[in-house]
Every structure is written in structure tokens, then in C-alpha cells.
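# Fold and geometry: a report
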Amino acid sequence: MKDTNAMEVSSKGFLNIKKEKTAYFKLYLLCALTGILLLVTFFSPKLVPFDPYEQNLSEALQGPSNAHLLGTDRFGRDMFSRILVGGQTTILTSLLLVGIITSVGTAVGVACGYKGGKFDSFVMRISDIFLAFPGMVFAIAVASLLGGGIMNAVIALACISWPKYARLARGQVLSVMNMPFISAARLSGSNSMKIIIKHILPNILGTILVTASLDIGTIIMELAGLSFLGLGAMPPTPEWGSMMSNGRSMLQTSPWTVLAPGFAIFVTVMLFNLLGDTLRDVLDPKTKM
Amino acid sequence: MNKRYRIFSLFITSILILAMLSGCVNTGSTPQEKTFNYGTMAYGVAMGNVGLNPHEGYSGWSTIRYGVGETLFKFNESMELEPWLATDYEQIDEYTVRINLRDDVTFSNGNKMTGEAVKDCLENLIAVHDRAPSDLQIKSIEADGQSITITSNIKVPGLVNYLCDPYGTIIDMEAGVTEDKNVVGTGPYIATRVTDTEINLISNDNYWNGEVIVNNINVKSITDGDTLTMALQSGDIDAAQGLPYVSLQLFQDDPDYTISSTNTSRLYQAALNFRSKLIQDDAVREAMALSMDKEGFTSVLLQGNGSPAIGPYPANFTFGGDAVRADEYDIDKARDILEDAGWIDSDGDGIREKDGKRLTIRWLTYTSRQELPLLAESVQATYKEAGIEVLVNATDNFRDFLQSGEYDVYASAFVAAPTGDPQYYFTTHVVDGSDYNRGYYRNDNVEKLVEKLREEFDTERRSGLAVEIAQQVLDDRAYIYASHLKMSFVMRNGVAGFTAHPSDYYEITSKLDIDK
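Just so it is clear, the model here is predicted, and its values are computed rather than measured. (Residues numbered from 1 in each chain as written. Chains lettered and ligands numbered in written order. Predicted model: local features only at pLDDT ≥ 70, side-chain atom pairs only at ≥ 80, totals over all residues.)

### Considerations on the overall build of chain A
For chain A, the count of helices and strands is ten helices and zero strands. Its helices and strands in sequence order give chain A the pattern α-α-α-α-α-α-α-α-α-α, from N to C terminus. Taking the principal axes of its C-alpha atoms as reference, chain A extends roughly 75 × 55 × 30 Å. Of the contacts made within chain A by residues no fewer than 6 positions apart, 69% connect residues no fewer than 24 positions apart. (Helix = DSSP H or I, 4+ residues; strand = E, 2+ residues; numbered from the N terminus. Contact = placed C-beta atoms within 7 Å.)

### Topic: the nonpolar core
One finds Val409 and Ile469 of chain B to be the most contacted residues of the largest nonpolar core, which totals 196 residues. Each residue touching Ile469 of chain B, except ones within four places of it in the same chain, is listed here: Phe426, Val430, Val446, Leu449, Val450 and Leu453 of chain B. (Core = buried A, V, L, I, M, F, W, Y, C linked by C-beta atoms within 7 Å. Buried ≥ 20, exposed ≤ 12 C-beta atoms within 10 Å, placed from the backbone.)

### Quick look at the interface of chain A and chain B
The interface is formed by 18 residues belonging to chain A together with 22 residues belonging to chain B. Residue classes in the side of chain A that touches chain B are distributed as eight nonpolar, eight polar and two charged. (Nonpolar A, V, L, I, M, F, W, Y, C, P; charged D, E, K, R; others polar.)

### Focus on helix H15 (residues 459-475) of chain B
All names here are of chain B. In this model, H15 (17 residues) spans 24 Å end to end at C-alpha, consistent with the 24 Å of a helix rising 1.5 Å per residue. Where H15 is concerned, the buried positions are Arg462, Leu465, Ala466, Ile469, Ala470, Val473 and Leu474. Packed against the buried residues of H15 are helix H13 (423-430), helix H14 (444-455) and strand S19 (479-492). The first or second residue beyond H15 is Arg477, which carries a positive phi of 50 degrees. (Expected span 1.5 Å × (residues − 1).)

### A few points about the pairing of strand S1 (residues 35-40) of chain B
All names here are of chain B. Note: S1 against strand S10 (residues 216-221), six bridges, orientation parallel. Directly across from Thr35, in S10, lies its bridge partner Asn216. As paired strands, S1 and strand S11 (residues 239-241) are joined by three bridges and run parallel to one another. Note that in S11 the partner of Thr40 across the bridge is Gln241. (Pairing = 2+ DSSP bridges.)

### With respect to the packing of helix H3 (residues 79-115) of chain A against helix H8 (residues 192-228) of chain A
Angle between the axes and distance between the axes: these two values describe a pair of packed helices. All names here are of chain A. H8 packs onto H3 with a crossing angle of 145 degrees between their chain directions and a minimal axis gap of 8 Å. As for the relative orientation of H3 and H8, their crossing is right-handed in sense. In this structure, H3 uses Thr90, Ile91, Thr93, Ser94, Leu95, Leu97, Val98, Thr102, Thr106, Val110 and Tyr114 to contact H8, whose residues at the interface are Ser192, Ile196, Ile200, Ile208, Ala212, Asp215, Ile216, Ile219, Ile220, Leu223 and Ala224. A class-by-class count of the residues in the contact of H3 with H8 yields 15 nonpolar, six polar and one charged. (Axes fitted to C-alpha atoms, helices over the stretch in contact; angles between N-to-C directions. Left-handed = near helix turned anticlockwise from the far one by under 90°.)

### Some details on the confidence of the model for chain A
Residue-level pLDDT values for chain A average 87, and 93% of them are 70 or greater. Mean pLDDT across the secondary structure elements of chain A bottoms out at helix H1 (residues 2-42) of chain A, with 79, and peaks at H3 of chain A, with 93. (pLDDT = per-residue confidence, 0-100.)

### Thoughts on the packing of helix H9 (residues 240-247) of chain A against helix H10 (residues 256-283) of chain A
Residue and element names in this part refer to chain A. Two numbers describe how H9 lies on H10: the axes approach to 8 Å, and their chain directions differ by 155 degrees. Judged on the interaxial angle alone, H10 and H9 are roughly antiparallel. Seen from above, H9 lies across H10 with left-handed handedness. For the pair H9 and H10, contact is made by Trp240, Met243, Met244 and Gly247 and by Thr257, Val258, Pro261, Gly262, Ala264 and Ile265, respectively. In the contact of H9 with H10, the residues fall into seven nonpolar, three polar and no charged. (Parallel < 35°, antiparallel > 145°, perpendicular 65-115°, else oblique.)

### A word on helix H7 (residues 245-252) of chain B
Three or more residues of H7 of chain B are buried, namely Tyr245, Val246, Ser247, Leu248 and Phe251 of chain B. Looking at the buried side of H7 of chain B, the elements it contacts are helix H6 (225-234), strand S12 (257-272) and S19 of chain B.

### Looking at unusual backbone geometry
Put simply, Pro235 of chain A and Pro236 of chain A share a cis peptide bond, and its omega is 5 degrees. Its location among the elements puts Pro236 of chain A in the loop between H8 and H9. Of note, the phi angle at Gln137 of chain B is positive, near 55 degrees, even though the residue is not glycine. Relative to the elements of secondary structure, Gln137 of chain B occurs in the loop between helix H4 (132-136) and strand S6 (138-144). A positive phi angle, close to 50 degrees, is found at Tyr440 of chain B, a residue other than glycine. Relative to the helices and strands, Tyr440 of chain B resides in the loop between H13 and H14.

### Re the environment of Phe8 of chain B
Residue and element names in this part refer to chain B. Looking at the secondary structure, you find Phe8 in helix H1 (residues 2-22). Judged by the 10 C-beta atoms lying within 10 Å of it, Phe8 falls in the exposed class. As for Phe8 and Thr459, which are separated by 451 residues in sequence, their C-alpha atoms are 88 Å apart.

What follows is the structure, encoded as C-alpha cells:
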């Protein structure tokens, strides 16, 4: 009987090791692919075969060819070049937005969780107000008030997204606060800032990072959505959402104007979502059990 | 049991046979009702024309377009006046006009259209409408049998033209306006249901001007161009107005569809804001006028559904087309003018500077007219070639920006000659302080000429004055006129008597027919 149990445990252990190895392999692979995507995006102005802003009306709405891999838009601009450069607007802005909401939300959440009391209640009620509105509708309202522009779209989305991180961070802080090592740190004379930076943040950062990585795909979609509605990037800035919106009426006549940016969004969002999932598998201890 | 079962079976079978035979009975010679489903982008809250009450905003456009009402006079294809509910008019003196009415017109509720009814209608119009009182300047209306006499506060040479504006649609004030903004008119159709998104109509059996062929019409507001295209393709609607230009080519070569197109006076224009320091520079305005590629915009981006504009009026008006001169597209000349004026690209980034100020134009426009963002993007590229940077703000929240003055250029669409007369555009766009003078333009000579135009009754001299004013506006580069719109109706085969009109007023008439 004991032998059977031992065998089961060892085979479970073997399976866990195999699973973990696969997860790490997936993580490295996805990190490499994301790295390539970010590198291409970052250096896209150097890589593009045509000036993405240069109009050539005599070549308007040309289908994909050797000269123009993904065809041209109605202004005769090369779609491939615009997709590459458009990645800068879409991906880098989304990463900036995720960075902003993660840091602001986490800072607010940590402050609330650590300080507690009336301050906590007051800030959490404010976050409740933001959470009470349907997210995208609120973002559309804010972006409409501020006017068009990618930065205004970032502000609009930041307004609706920070409370999620604030609540998450607060919850994590509250659970860590009861741990003995926090009491030990207090007894040893550490001040609040030191406790937060050295003892609380390292313990909650994993969860926050996994959530942030899972959110990148959603944020890309939301930003592209606002641009699609004309509330994001302004012409002639190439942005995948606004490119899709501009080509929408040509879906039947010049489908490449919609399919190319649509495919770019699909691949990017899928890549970031897979990366987020894999990061969770690797970093979250619960999934290892 | 068996016998009872047989009797029951026989009874059921007999009932079923009788029911089947009753379906074969000849129900007489009731002809099949004809129904026309029409999808349009031009009806809805955003257009300011919901409902059918002509005395409210732009709703009169819907009253006329959908065949519910008619005006005293109308425009023909050449935008010349023709009698409609009236027979003729007589200019008694410079302030008084007598209009004689037809004797055979009844409203759709059977009431006769008399001088008194027309008087009531026009009096209500000037009491409640926002634009009509200042256009018509009516002091008093006298009714006498089948004629009315209108006396004006000031000389209004274009009075009869103004009465062709859809707000001049004659409705029965005795019947009034219902809560859902329905009215009783004299047109070939009667509205049975009016909402912000749909109007249901039935034929007016008492129509005074011949037989009405189609029995039912459903006008549906479809504000998304792709939805409209697919609705026509799927057969949900029989005809469509306002299809995106790129969709038109889907129907152009398809033998199952017919397209009716016409040039209109709908104008795409850019008003230059004279309150902006940058725009006050003559060289900048001239370079901007020279750098707009109107030909490329109309032929490629509008796919031929527009014509390059020289002045505010299209070529089918005597005072329009090449009656005026404007700057032609010439980037090299624009560069030279800017260079001579001291605008030089000192940092080599392609954009010129002067006294440390960058030549950046804030271009404000809106998206509900699909052509305007295209114009903005087209200009962005051509202006850049001349060394001018354009920051586009294409937003439907544009009114806030207009109010705050945060723009150098405001690009918009406007029907320049809805009354077939030139005065309307000048009094709304060019005169100092006028409603749509978004560039805050003022020129004393233009003010004097418009005053003259207000008092001139002779048509030829009015045309001459219109040309003079338009030329002055062009010389001052107060506006840059991009193009005039070509309007198209697309319909499936089997629809007849449905043609686009240059005035953009008349759509559904008694001549409309459909094969189902």
C-alpha cells in the first residue's frame, strides 16, 4: 500500500515537473515572440518600405502585390508600412496605459490597505463610483469631452481602469498585513515606507504583474475600440483601430484595408493574452498545486 | 365503438376538405398592395429633421422629401421657380407680393386649401420657426379667396424663393401638429406613424395632382453606411440614399440596380478663422488656398461623386461655376509665397517657422459627413508639401471647439443655394455676425454689396452682385471651397419615378412606382 502511494506521489511529482518545464518553455517562447514584436514595433520607422504618411492618390486602393505587400489605402498609402508604424501607436500606447493604471492603482490600493480607516473608506467609495459606470461608456463620455487624440483616449481609459488595481492591491495588502513578518518588521523599528517597499510590495507584485499582463490584450482592444469610434488617434497617425474604422466601408470592395489591421490586432492581443496566461501559470503558486 | 370512431373520422375529414376548399374561393379582384421600403441616412436626430412639422428646425425637409407636404412654388431641374400649390405671383411693389393659389387643392384630410388656410400656416411659421422670420421679414398677410398678399418689413427680393424652402410647406393648421410631430399636408402621402427613426406612409386617395401608385411606404433611418449598403443588397429596402461612395461601385456595374445621380449645391468648404493670428497673415491664407488639391479629392477620394468647387455655387447656377476665379492647385507657388513672407523651414523638419512660431494649422471638422475627414486628411498631406503642418480635430463635439475658438480652420458642409437664390449663403456665412460666419470674416465692401443684393429685384443684376461678392470673398481667402456634392439614389430594378433632384428637397412623389 505504502509503495503504491509512493509511486502515485512520485508520478504526480514527475507530471508537475513536466508541466512546469512545458510552462517555462511556453513562457520563454512567448517572451521571445513578444520581444520580437516589440523590437519590430520600436524600430518600425527604420523598417518600413514606404513613408506611411505619404499620399499617392494615383495608387489608391491597390490590392496586395509585390510592391505593396498589404495593398494601399484610399489615400494610396502603403498598408504594410502603416501597420508597422501603427503598432507604435497601438502597442506602445497600450503598454504606457497599462503602466499608468498599474502603478497608480497599486499605489492607491497599497495606501488604502496599509492606512485603513476613513481614508480607506473614502478612496474606496470613489473607486466604487468609477466602477458603477459601464467602463467603455464612461471612457467614450470622457474621450468625447476631451476631444479626439490618442493621449485623451489614454486618459479616458486610465480613468476607468485604475480602480481594479486599487482594489486588487488593497486586498493583497490586507492579507499580507496579518503576516508575522510584518509585525516583526514593525517591532524591529522599520518605518511605514520601508515596510511597504521591502515587505509588502514584493509579496503582492506577482499577482499585480500577472493581472497587468492579462490586461494588456484588453487594453489594446479598448484603445483600438475608441480609435475605431473616432475618439482615439487623429489622422494621419496610423493606429490599427482607426485604420479598421476608415476601411470599414470598403470591406466588400477593398477588404485588405480592414483585414490587415484587424489581423494585426488579433495576433498582438492573442500573443499578450497567451503571455499573461503563461505568466500566471508560472508565477501563481495556486496553479502549481 | 368502431362505428362511432368511423363517424368521427368522417366528420373530421369533411371539415378538413371544406377548410381546404374554402382557400380556393375567388376573393374578388383586390389588386396587390404596393409597398416601397426606403433607407436613408438623411433622416434622424443628428440631421435635426425628425418629425414632419415644417415649422420646427429642418423637419420641413422630411415633410417634402417623403411626400407629405408641398410648397407654394418649387424648383425645376435647373433650379428655376415653378408654381406648385400656387398658380403665379405678382410683385405689387417692393414690399408687397400677391400669390394666387390653385383652386383644386385639398389637404389629405379633405379640407380645401384656401387663402385663409395658407395665411394661418405662414403666420404660424413666422411665429414659431427659428430661421423663417429673418428670411421672410413678413409684416402682414392678407387672405382673399384663393390668393394671399404678403407685405414685408423690408425689401425681400427673394421672398418667393424663400417660400420654396421646406419650412414653407403648407399644412392644415386646423388639424395642427400631433404629439408625434405628424401633420396634414397636401402631398401624395399621409403619415400614419412618425418616430425618430422611421416614418410609415400610406397613399393619399384625395391627392389633387393625379393618381398615387404606391400604397405603402416605409422610410427607415439607417445612419450607418455599411448597414445601409447591406440592407439594399439583402432586399430589406428597395432604394437607398446616402450610400458611402466606396459602396456605390458595388451597384454601378450590377444590372439588378439603377442609380440616379445629380449635382447639388451642397458645398464642402473651409472657413478661415480671422481671429487666429496665423490666419490673419495674407501669405498663409493664399498658400492654403493654393495647396488644396480639389481635383484629387473629388476624383479619387469622392470617387467622382463630386465636382471641384471654384466659388460657393455650382456650375448649374448663372452666378456659379467659373463665373468667379479662385486659386488653382499650385504647391510651388504656395512655397514661394510663404518663402517671400518669411516663413522658412529653419530646422529642416519640413514645417516652416517665422519669428520662432511654427506654421501649424488647427483644422476643426466633424465626422457625420463622411467627406469631411477625407478632406482633412487630403489637405494634411498637400499642405505638408508646402511646409504647413495640419493638426486635424475631427469630432462630433465640434460645437464646443467652435465656442471656445480653438481652431484656425473650420471645415463643414452646407447647401449653398437651397432657395435657388444667392442671398441665403451670403447672409448666413459672409455678412459680419451672421449665424455661420465661423471665420469672423468682415469686409466693408462685401457688407455694402450684400446690402445692395438685399434690395435688388432684377434677377440678372442679382446674379452680377452675387458674382462680385463671391469674388471678393475668394480674393480675401476667407473661405476655401473644396467641392460640390453629387447626390445619388440607388434602387433595385423595378423601382421607377424615383430620381435625385439638385435641390435635395424632392424624393418621394406621386410618380413613384414599384413592381411589387
